[in-house]
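# Secondary and tertiary structure notes
What follows is each chain in one-letter form.
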Amino acid sequence: MGELGFSWCSVLAVFSLVLNAAVFCNGGITSTFVRKVEKTVDMPLDSDVFSVPPGYNAPQQVHITQGDHVGKGVIVSWVTVDEPGSNIVLYWSDNSKQKNKAKGTTVTYKFYNYTSGYIHHCTIKNLKFNTKYYYEVGIGHTIRTFWFTTPPEVGPDVPYTFGLIGDLGQSYDSNKTLTHYELNPTKGKTLLFMGDLSYADNYPNHDNVRWDTWGRFIERSAAYQPWIWTAGNHEIDFAPEIGETKPFKPYTHRYHVPYKASNSTAPFWYSIKRASAYIIVLSSYSAYGKYTPQYKWLEKELPKVNRSETPWLIVLMHSPWYNSYNYHYMEGETMRVMYEPWFVQYKVDVVFAGHVHAYERSERVSNVAYNIVNGICIPASDQSAPVYITIGDGGNLEGLATNMTEPQPKYSAFREASFGHAVFDIKNRTHAYYSWHRNQDGYAVEADSMWFFNRFWHPVDDSTSAQS
Ligand SMILES: *[C@@H]1O[C@H](CO)[C@@H](O)[C@H](O)[C@H]1NC(C)=O
Ligand SMILES: *[C@@H]1O[C@H](CO)[C@@H](O)[C@H](O)[C@H]1NC(C)=O
Ligand SMILES: *[C@@H]1O[C@H](CO)[C@@H](O)[C@H](O)[C@H]1NC(C)=O
Ligand SMILES: *[C@@H]1O[C@H](CO)[C@@H](O)[C@H](O)[C@H]1NC(C)=O
Ligand SMILES: *[C@@H]1O[C@H](CO)[C@@H](O)[C@H](O)[C@H]1NC(C)=O
Ligand SMILES: *[C@@H]1O[C@H](CO)[C@@H](O)[C@H](O)[C@H]1NC(C)=O
Ligand SMILES: [Fe+2]
């Protein structure tokens with residue numbers, strides 16, 4: 001139906017006011033975009049994107065993430081395979097030739113019959129804001145040099161641009177998604193990743209070689225800008241049939257996050273401030289019920305967010321709460337029941353999730369009135385509620401989720417089963433421009449977009465249907 005169906009819906013709504021009759025009105029837009037049907041397959045082990053850097057003990061799988069609470073720290077991680085080698089990161093700012101030194105740690109792990117390389121993590125602290133730094137790893141053998149730019153100091157009107165990718169995997173489509181993100185003219189400065197990284201667990205014995213190939217694949221972006229990690233179900237790697245009973249073993253050894261800086265007790269839920277945003281990462285696969293560590297942490301965390309300092313309150317999780325596809329239906333429901341009243345109370349601006357391999361954006365709705373006996377259980381328009389965006393369309397080997405519930409629920413503003421990425425471009429304390437880009441289009445083409453009005457500073461109706 002697309003645009004046509006949508007405007008008919010509005011016309012019917014007007015008629016229903018005039019006639020005072022109940023006219024059933026479907027939700028927003030189900031895109032009519034037709035993509036070529038092709039199988040999503042993983043890139044073979046000898047692909048260019050998986051190539052091992054040359055040189056003895058050369059660092060590979062280099063990636064960075066934020067290393068403290070405010071953006072003056074960076075965690076640098078890399079893998080060496082011939083021998084442990086040096087833990088040192090040398091770094092210097094653009095306008096200085098004085099090299100500084102930070103020392104990290106090395107870990108290894110075994111998974112069934114796989115033994116990892118030497119995984120290094122090194123936290124660099126007390127960097128200057130808004131500064132380009134070069135860094136070197138592989139000291140003593142094969143040195144490789146990369147660079148990153150620290151964010152501006154935390155403040156209410158600092159513009160900043162986040163990229164958004166979920167459920168990436170390592171298929172040919174994953175490579176297209178990453179390429180489109182890199183070539184999007186609205187340059188993302190930090191990537192928010194909504195979980196499900198390598199999909200190594202889809203291979204026999206969770207072949208952890210596919211964790212290594214994934215690390216080499218994303219290096220071209222993740223070594224130069226921080227990727228902010230969320231744990232997905234494909235990070236659990238719980239495989240008692242082969243004796244692997246410690247959940248999240250490969251993920252926690254390979255991908256460190258600064259959880260202690262936000263007083264979290266586990267790497268699966270934590271927060272960071274970056275420029276004008278406060279980002280809370282939650283875990284769909286850790287206990288979240290009342291009295292649990294995650295619940296207690298979030299209960300104390302939300303009141304700490306100072307919107308005069310960080311106007312934009314963004315939450316990341318893997319399993320979506322609002323999802324109108326026939327995949328993973330209601331899997332996010334129990335967490336929604338626990339935390340949604342807080343999201344409304346604290347006026348979260350937007351929630352990004354993955355898991356469903358498709359794209360969907362909701363209206364601002366909440367479903368918090370239900371109390372078992374009152375029967376009030378329909379998502380209702382709520383200007384204090386976040387917009388929920390599902391962006392699990394990174395392109396992994398499991399393919400697209402194409403089967404949608406019909407009719408499109410009223411709360412669903414736009415949905416389409418295509419691979420892609422998005423960008424959240426914060427302009428100031430009141431406005432942020434959001435756009436979603438499908439892989440089939442040119443790099444600048446926006447297949448869905450929305451001006452976000454900040455819920456604290458400018459809580460005006462920003463729904464795309466309200467404006468049309
Ligand atoms: C691990 O075991 C599988 C089958 O059980 C085998 O195909 C593979 O070669 C083994 N890998 C290593 C590193 O020994
Ligand atoms: C992945 O994408 C990059 C950048 O577009 C390209 O150079 C490379 O050949 C692609 N690799 C595969 C295996 O598709
Ligand atoms: C963590 O807890 C300490 C001690 O209670 C407190 O000083 C600090 O501000 C807290 N940090 C954050 C980011 O909440
Ligand atoms: C919130 O942040 C503003 C701006 O940085 C600051 O002036 C104010 O004191 C903070 N409020 C609290 C309660 O910390
Ligand atoms: C879509 O999902 C529904 C509900 O699970 C199922 O009944 C239906 O057969 C599915 N349709 C297709 C085309 O797979
Ligand atoms: C905030 O950004 C929006 C969009 O660019 C602009 O229209 C608005 O005037 C800006 N507000 C301020 C106070 O500069
Ligand atoms: Fe998932």
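Right above here is the structure, for reference.
Our subject in this report is the structure included herewith. Given the structure is predicted, the values throughout are model-derived calculations rather than measurements. (Residues numbered from 1 in each chain as written. Chains lettered and ligands numbered in written order. Predicted model: local features only at pLDDT ≥ 70, side-chain atom pairs only at ≥ 80, totals over all residues. Heavy atoms only, no water.)

Glancing now at the overall build of the protein chain. A tally of regular secondary structure across the protein chain gives seven helices and 26 strands. Taking 468 residues into account, the globule formula puts the C-alpha radius of gyration at 23 Å, and the protein chain, at 22 Å, falls close to it. The C-alpha extent of the protein chain, read off along each of the three principal axes, is 80 × 45 × 45 Å. Considering the protein chain as a whole, with its 468 residues, one finds that 59% of them fall into the buried category. Within the protein chain, contacts between residues separated by at least 24 positions form 71% of all contacts whose residues are at least 6 apart in sequence. Per element, the accessible surface of the protein chain, about 18900 Å² overall, is 56% carbon and sulfur. Across the protein chain, the centroid of the 40 positively charged side chains sits 7 Å from that of the 44 negatively charged ones. (Helix = DSSP H or I, 4+ residues; strand = E, 2+ residues; numbered from the N terminus. Rg over C-alpha atoms; globule rule 2.2 N^0.38 Å. Buried < 20%, exposed > 50% of the residue type's maximum accessible area, 1.4 Å probe, protein only. Contact = heavy atoms within 4.5 Å. Areas by Shrake-Rupley, 256 points an atom, 1.4 Å probe, with all protein chains shown as cover. Lys, Arg positive; Asp, Glu negative; His and termini not counted. Charge placed at Lys NZ, Arg CZ, Asp CG, Glu CD.)

On to the pattern of salt bridges, then. Under the counting rule described, the total for this entry stands at 18 salt bridges. With a shortest N-O distance of 4.0 Å, Lys 176 and Asp 173 are connected by a salt bridge. Of the two residues, Lys 176 and Asp 173 both sit in helix H2 (residues 172–183), three residues apart, roughly one turn of that helix. The exposure class of Lys 176 is partly exposed, given its relative accessible area of 39%. Its relative accessible area of 8% is what places Asp 173 among the buried residues. One salt bridge in this structure joins Asp 462 and Arg 455, with 3.3 Å as the shortest N-O distance. Several salt bridges share partner residues, and in doing so they unite Glu 333, Arg 336 and Glu 340 into one network. (Salt bridge = Lys/Arg side-chain N within 4 Å of Asp/Glu carboxyl O.)

Around ligand 6 lies a shell formed by Lys 427, Asn 428, Thr 430, His 431 and Trp 451. Within the contact set of ligand 6, an oxygen atom lies 2.3 Å away from a side-chain nitrogen or oxygen of Asn 428. In the complex, 36% of the free accessible area of ligand 6, which totals 360 Å², lies under the protein chains. Split by residue class, the shell around ligand 6 holds one nonpolar, three polar and one charged. (Near = heavy atom within 4 Å. Polar contact = N/O pair within 3.5 Å; in protein donor to acceptor, adjacent residues only side chain to side chain. Nonpolar A, V, L, I, M, F, W, Y, C, P; charged D, E, K, R; others polar.)

Along the chain, the position of Arg 216 falls in helix H3 (residues 209–222). Buried charge without a partner: Arg 216 forms no salt bridge, and the closest opposite charge is Asp 212, 5.4 Å away. Of note is the side chain of Arg 216, whose polar atom sits 2.6 Å from the backbone oxygen of Phe 50. With near-sequence residues (within four places) excluded, Arg 216 lies in contact with Val 49, Phe 50, Ser 51, Val 52, Pro 53, Gln 60 and Gln 61.

Another aspect to go through is the coordination of the iron ion (ligand 7). In the first shell of the iron ion (ligand 7), the protein supplies Asp 196 (OD), Asn 233 (OD1), His 318 (NE2) and His 355 (ND1), at 2.1 to 2.3 Å from the metal. Around the iron ion (ligand 7) sit four donor atoms; with metal-centred angles ranging over 85 to 171 degrees, the donor geometry is irregular. Accessibility expressed as a relative area gives 1% for Asp 196, which makes it buried. (Donors = N, O, S within 2.8 Å, 3.2 Å for Na, K, Ca; no water. Tetrahedral: all angles 85-135°; square planar, octahedral: opposite > 155°, others 65-115°.)

Our focus in this paragraph is the site of ligand 2. Taken together, the neighbourhood of ligand 2 is formed by Met 43, Asp 48, Val 49, Tyr 172, Asn 175 and Thr 179. Bound to the protein, ligand 2 loses 56% of the 360 Å² it would expose on its own. The residue inventory of the shell around ligand 2, partitioned by class, reads three nonpolar, two polar and one charged.

There is a patch of nonpolar side chains on the surface, built from Tyr 370, Ile 372 and Val 373 and spanning about 370 Å² of accessible area. Tracing the backbone shows Ile 372 in the loop between strand S20 (365–366) and strand S21 (380–381). (Patch = residues over 30% accessible without salt bridge, like charges linked within 9 Å, V, L, I, M, F, W, Y side chains within 5 Å.)

What the four strands build is an open sheet, ordered S2-S3-S9-S6; its pairing is antiparallel. Of all the strands in the sheet, the pair left with one neighbour each is strand S2 (60–66) and strand S6 (105–107). With strand direction ignored, the average angle separating the axes of adjacent strands in the sheet is 20 degrees. Where S6 lies against strand S9 (residues 118–124), three bridges are found, and the strand directions are antiparallel. Each residue of the ladder has a partner; that of Thr 105, found in S9, is His 121. (Pairing = 2+ DSSP bridges. Axes fitted to C-alpha atoms, helices over the stretch in contact; angles between N-to-C directions.)

A word on the sheet that holds strand S25 (residues 431–438). Taken in spatial order, the six strands make up an open sheet running S14-S13-S12-S24-S25-S26, and their pairing is mixed. The sheet terminates laterally at strand S14 (227–228) and strand S26 (448–453), the two strands that pair on one side only. Examined bridge by bridge, strand S12 (residues 160–165) and strand S24 (residues 420–426) share five bridges and lie antiparallel to one another. Considered in S24, the bridge of Phe 162 is made with Phe 424.

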